[in-house]
Number of protein chains: 12
Amino acid sequence: MEAHVFKTIELTGTSTKSVEEAVQSAITVAAKTVRNMSWFQIAETRGAIHDGKVTEWQVTLKIGFKIEP
Amino acid sequence: MEAHVFKTIELTGTSTKSVEEAVQSAITVAAKTVRNMSWFQIAETRGAIHDGKVTEWQVTLKIGFKIEP
Amino acid sequence: MEAHVFKTIELTGTSTKSVEEAVQSAITVAAKTVRNMSWFQIAETRGAIHDGKVTEWQVTLKIGFKIEP
Amino acid sequence: MEAHVFKTIELTGTSTKSVEEAVQSAITVAAKTVRNMSWFQIAETRGAIHDGKVTEWQVTLKIGFKIEP
Amino acid sequence: MEAHVFKTIELTGTSTKSVEEAVQSAITVAAKTVRNMSWFQIAETRGAIHDGKVTEWQVTLKIGFKIEP
Amino acid sequence: MEAHVFKTIELTGTSTKSVEEAVQSAITVAAKTVRNMSWFQIAETRGAIHDGKVTEWQVTLKIGFKIEP
Amino acid sequence: MEAHVFKTIELTGTSTKSVEEAVQSAITVAAKTVRNMSWFQIAETRGAIHDGKVTEWQVTLKIGFKIEP
Amino acid sequence: MEAHVFKTIELTGTSTKSVEEAVQSAITVAAKTVRNMSWFQIAETRGAIHDGKVTEWQVTLKIGFKIEP
Amino acid sequence: MEAHVFKTIELTGTSTKSVEEAVQSAITVAAKTVRNMSWFQIAETRGAIHDGKVTEWQVTLKIGFKIEP
Amino acid sequence: MEAHVFKTIELTGTSTKSVEEAVQSAITVAAKTVRNMSWFQIAETRGAIHDGKVTEWQVTLKIGFKIEP
Amino acid sequence: MEAHVFKTIELTGTSTKSVEEAVQSAITVAAKTVRNMSWFQIAETRGAIHDGKVTEWQVTLKIGFKIEP
Amino acid sequence: MEAHVFKTIELTGTSTKSVEEAVQSAITVAAKTVRNMSWFQIAETRGAIHDGKVTEWQVTLKIGFKIEP
């Protein structure tokens, strides 16, 4: 059967700067072992606070990629 | 009856750069035909990935505006 | 009993510029009266629109801090 | 194909008095331009407070109506 | 074992007038066959519209009652 | 700004036969007035029962389409 | 009071073939003891897998019926 | 930083009569110690039943107020 | 039709000691009148507090059992 | 410890024809590398539209399988 | 107005041993400053892992108490 | 980029005795192949019933671990 099938994995990326950079950091690491990633969806945005400052953005995202048959 | 009534519509804006720009892009397009928009709420943040890079931010938002009687 | 206990409070920070700045603004105000804040989670992202422009980002977040025994 | 098709829109009605009146106010305004409305579902009930009094009930509802073929 | 056990049932009450009356109508009917009802929780509020008027409030509620051992 | 913007509408399609046919019936009706529809998502599947038989499938779906600038 | 009252029960129907047949199987069994069933809503769709094949569709649905006064 | 910051608290108000009165009762009590309350959102509506009658409406609401800097 | 059909009921069991015992207490009571119970799912865990001690665990669970044809 | 442990993965299967075939297509592909799959649950049903026709069903499902110790 | 009003706060208790002990630890700490606590509801159960062992149970709960007028 | 990235997997552990033991059983099995596990979150608690007794606790949890760069 030639229908496409996709897998979803869940990663949490981190950044000291922004939501966008945290998302990209997760995808950059995943790209070392996963091919064909084509979409993501943010599931949760959390962060760490020290001395009244946001010191880390932690963005959990689902990433979808096509499974090679 | 003089009570205010608002309508909500759901749009998805896109940007190659950020969540904020994607939201503004949806509102900019809506503003061509909808008047009195006063608030929005982000419903979902997704995106496209190509070659291990986020190439598009896709932010779905609800936009509320007062209906003119 | 020496187990740690944390309290969560819910704040809405605002910014004319970005989600990140709205989060920081809420934490900055909380830091005046709350010690030991260690994490946050975004619960909702809304905003105000005037004349087709986003004029305010309103980010509601839960903030956790350790209760001093 | 003669199957029925319905559309749902989302409105927020307001009232100084009650949830019921806020719902009716939204439907009254919608009735000026929408025909065949047949059901609604409350999605959210919010309100405004001034000087310790509820001054406005804001009820967001989904309204369904048959599309005329 | 003498611990209390409760059962929850789900009913939808209707009224032409209000949410409160729809809730009471469901409980009134349930009281004919169920004893010991002690609490309810509203799960959903819907309604019927005819000619731009709310003609029926339909409130779905969960009702809890102690099971007699 | 050349970014794409999409709008989502919510429809309920019906069929006496299947979920798939109910979805298609909603899209068929929408296609008379909406261009560029590109995706849908099922939000709710309900149905009518008469004499112990499913007599109608009612599938509520969100449909997304690109807004022409 | 002559207002209508409905009760909702939750059943899981099964089928080796399809979602639709699993729904009907639950309603067929319920019809032996419940009268006046008028609507259903799918709450969950699960299934069993053996040797890489779906061998059973398990559809959990809520069924509503009018209570006879 | 002069951005506005709001705090949300969660209260449950009660009334023997209506949802609206239960909401107001919670706000009336909060007003003794909290200033600047500006909005609320209903989170849950429950109640007590005795002898087949609703004897108490219990409405849980989130209340937002501006924090004075 | 020989397909299996299951019914789900919702009970709240209580215990002064633990979540596990509260679940078992609900099932023990249900077993007096329901046959063929085969699974449960915890829906909600609440409890009562007196003088700073948990005095009762209240666990609401859904219980599934096969309907005998 | 001899207790069973299961893992859940999330896949999206596609089909031009039906929800059922999309589910089976995901499981067929997974079966090439995963043994002992025993259940699935549908998480989301989406699809693609071209020229007013559903051209692809996209069903996201969670699949559970026993981990071999 | 003599109606009762309750406030809800959200705490996270921890324990090296069990869910039940983590709940009690949160309530024990709260009891130092809050009077009249009467119920709780578990919102989330998380934990820490070190070297393949659960080293801390972290249970977030909402606690309700009557506000003294 | 030196930012930390975490992966989440979903497992179901089982036990004849308690929620806590079921969680530990899932982590024990995962520890054979996954390093650096640092947190978990319970997603669902289900169980099996035979002859009116809970014979198995089935706890589904998400487990997070740092990806080694």
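This write-up is about the structure you can find in this document. In this convention, every chain numbers its residues from 1, walking through the sequence in written order. Chain letters start at A and ligand numbers start at 1, both assigned in the order the entries are written. Note on the predicted model: pLDDT of at least 70 is required for a residue's local features to be given, and 80 or more for side-chain atom pairs to be given and counted; whole-chain, interface and lining totals, by contrast, use all residues. To get the side-chain values, take all heavy atoms of the structure and skip hydrogens and water.

**Some words on the overall build of chain A**
Quick note on the threshold: To qualify as a helix, a DSSP run of H or I must reach at least 4 residues; to qualify as a strand, a run of E must reach at least 2; elements of each kind are numbered from the N terminus. Only C-alpha atoms enter the radius of gyration; for comparison, a globular chain is expected to reach 2.2 Å times N to the power 0.38, where N is the number of residues. Relative accessibility under 20% of the residue-type maximum defines a buried residue, over 50% an exposed one, and the middle range a partly exposed one, all with a 1.4 Å probe and only protein chains included. Should any heavy atoms of two residues lie within 4.5 Å, those residues are considered in contact.
In terms of regular secondary structure, chain A is built from one helix and three strands. Along chain A, helices (α) and strands (β) appear in the sequence β-α-β-β when read from the amino end. In terms of overall size, chain A is more extended than a compact globule, its C-alpha atoms giving a radius of gyration of 14 Å where 69 residues would be expected to give roughly 11 Å. Dimensions of chain A, computed from the C-alpha atoms along their principal axes, are close to 55 × 20 × 15 Å. Looking at chain A residue by residue over its 69 residues, the buried ones come to 57%. Contacts in chain A between residues at least 24 apart in sequence constitute 60% of all its contacts with a sequence separation of at least 6.

**Notes on the interface of chain H and chain K**
For clarity, the cut-off: For any pair of parts, buried area is found by adding up, for both, the accessible area (1.4 Å probe) each one loses once the two are put together. A pair is scored as a salt bridge if a Lys or Arg side-chain nitrogen falls within 4 Å of a carboxyl oxygen belonging to Asp or Glu.
Taken together, the eleven residues of chain H in the interface contact eleven residues of chain K. When the two sides are added together, the surface that chain H and chain K hide from each other amounts to roughly 990 Å², 61% of it contributed by carbon and sulfur. When residues of chain H are sorted by the area they lose upon contact with chain K, H:E10, H:T12 and H:V29 head the list and together hold 46% of the total. There are one salt bridge connecting chain H and chain K. K:K62 is paired through a salt bridge with H:E10; the nearest N and O atoms lie 3.0 Å apart.

**Digging into the relation of the copies chain C and chain A**
What counts is decided by this rule: All copies are superposed by least squares; the fitting set is the C-alpha atoms of residues with a pLDDT of at least 70 in both.
Superposing chain C onto chain A takes a rotation of 120° plus a shift of 0.0 Å along the axis, which leaves an RMSD of 0.0 Å. Viewed as a symmetry operation, the transformation between the two copies matches a three-fold axis. Of every C-alpha in chain C, the one belonging to C:V19 sits nearest the axis of rotation, 4.9 Å from it. A distinct binding surface is used by each copy, with only 8% of the interface residues of chain C retained as interface residues in chain A.

**Some thoughts on unusual backbone geometry**
Residue and element names in this part refer to chain B. A positive phi angle, near 50°, is found at D51, a position not held by glycine. Summarising the element assignment, D51 is placed in the loop between β2 (37-50) and β3 (53-66). According to the relative accessible area criterion, D51 is exposed, its value standing at 79%.

**A look at the interface of chain C and chain A**
Here is the rule: Distance and chemistry together define a polar contact, namely a pair of N or O atoms within 3.5 Å, with one atom able to donate a hydrogen and the other to accept it when in protein, and with adjacent residues in sequence counting only for side-chain atoms on both sides. In this classification, Asp, Glu, Lys and Arg are treated as charged, Ala, Val, Leu, Ile, Met, Phe, Trp, Tyr, Cys and Pro as nonpolar, and every other residue, Gly included, as polar. Two strands qualify as a pair provided that DSSP identifies no fewer than 2 bridges between them.
The partner chain A presents 15 residues to the twelve residues of chain C that form the contact. For the pairing of chain C and chain A, the buried interface totals around 1100 Å² over both sides, and the portion due to carbon and sulfur atoms is 60%. Linking chain C with chain A are zero salt bridges. Linking chain C with chain A are eight residue pairs in polar contact (both at pLDDT 80 or more), by the criterion used here. Residue assignment for the side of chain C that touches chain A shows that the elements contributing at least two residues are α1 (19-30) and β2 (37-50) of chain C. Among the elements that line the side of chain C that touches chain A, the one with the most residues is β2(C), at six residues. Split into classes, the residues belonging to the side of chain C that touches chain A amount to eight nonpolar, three polar and one charged. Judged from the three bridges that link them, strand β2 (residues 37-50) of chain A and β2(C) form a sheet pairing that is antiparallel. Opposite A:A48, over in β2(C), you have C:W39 as the bridge partner.

**Observations regarding the environment of F:K62**
Among the structural elements, F:K62 can be located in strand β3 (residues 53-66). Taking C-alpha positions, F:K62 is 11 Å from F:S38, a pair spaced 24 residues apart along the chain. When neighbours within four sequence positions are excluded, F:K62 is seen to be in contact with B:E10, F:T8, F:I9, F:E10, F:W39, F:F40 and F:Q41. A polar atom in the side chain of F:K62 sits 2.9 Å from the side chain of B:E10.

**Thoughts on the pattern of salt bridges**
Under the criterion given, the structure shown has 36 salt bridges over all chains. Among the salt bridges present, the one from A:R46 reaches A:E44, with a minimum N-O distance of 3.8 Å. Note on A:E44: relative accessible area 22%, which makes it partly exposed. Measuring nitrogen to oxygen at the nearest pair gives 3.4 Å for the salt bridge that ties E:E21 to E:K17. Given the relative accessible area of 28%, E:E21 is considered partly exposed.

**Describing the layout of surface pockets**
Going by this rule: The pocket and cavity definitions rest on a 1 Å grid over protein atoms only: a 1.4 Å probe that fits but cannot leave marks a cavity, an open set with protein on both sides within 12 Å along at least five of seven lines marks a pocket, and residues lining either have an atom within 4 Å of a point. Grid points are joined across faces, edges and corners, and a volume is the space filled by probe spheres set on the points.
Its volume calculated, the second largest pocket comes out at about 1500 Å³. Lining of the second largest pocket is provided by 49 residues; of these, E:W39, E:Q41, H:R46, I:E44 and I:R46 occupy positions nearest its centre. In terms of residues, the lining of the second largest pocket owes the most to one element, strand β2 (residues 37-50) of chain I, which gives seven residues. Residues that form the lining of the second largest pocket fall into these classes: twelve nonpolar, 20 polar and 17 charged.

**Considering the pairing of strand β3 (residues 53-66) of chain G**
Residues and elements named next belong to chain G. For strand β1 (residues 5-15) and β3, the ladder comprises ten bridges, and the chain directions are antiparallel. Note on β3: the bridge partner recorded for L11 is L61. Taking the residues that link successive antiparallel strands as the turn, the strand β2 (residues 37-50)-β3 hairpin has two residues, and the phi of D51 there is positive, at about 50°.

**Re helix α1 (residues 19-30) of chain L**
Owing to its 3.6 residues per turn, the α-helix aligns residues three or four sequence positions apart on the same side. Residue and element names in this part refer to chain L. Spelled out, the test is: The span one expects for a helix is its residue count, reduced by one, times 1.5 Å.
In this model, α1 (twelve residues) spans 17 Å end to end at C-alpha, consistent with the 16 Å of a helix rising 1.5 Å per residue. For α1, a buried count of ten out of twelve residues is recorded, marking the element as mostly surrounded by other parts of the structure. Inspection of α1 places V19, E20, A22, V23, Q24, S25, A26, I27, V29 and A30 among the buried residues, and these make up the whole buried set.

**Let's talk about the environment of F:Q41**
Tracing the chain through its elements places F:Q41 in strand β2 (residues 37-50). Sequence separation between F:Q41 and F:K62 is 21 residues, and the spatial gap between their C-alpha atoms is 5.2 Å. Leaving out residues up to four positions away in the same chain, F:Q41 has contacts with F:T60, F:L61, F:K62, J:E44, J:T45 and J:R46. Within the structure, F:Q41 has its side chain in polar contact with the side chain of J:E44 (distance 3.0 Å).

**Considerations on the side chain of H:T14**
Along the chain, H:T14 falls in strand β1 (residues 5-15). Taking relative accessible area as the criterion, H:T14 reaches 2% and is therefore assigned buried. Reaching out from H:T14, the side chain makes a polar contact with the backbone oxygen of K:H4 at a distance of 2.6 Å. Other than its neighbours up to four places away in sequence, H:T14 contacts H:E21, H:A22, H:S25, H:E56, H:W57, H:Q58, K:A3, K:H4 and K:F6.

**A few points about the environment of E:I67**
Note that E:I67 resides in the segment after β3 (53-66). Setting aside chain neighbours within four positions, we find E:I67 in contact with E:V5, E:F6, E:K7, I:L11 and I:V29.

**A few points about the arrangement of the chains**
Regarding chain D and chain G, which are not in contact, the minimum distance between any of their C-alpha atoms is 15 Å. Contact between chain C and chain J is absent, and the least distance between their C-alpha atoms amounts to 22 Å.

**Regarding the pairing of β2(I)**
Bridge count for β2(I) against strand β3 (residues 53-66) of chain I is twelve bridges, and the pairing is antiparallel. Bridge pairing in β3(I) links I:T45 to I:V59.

These values are about where atoms sit, not about what they do.
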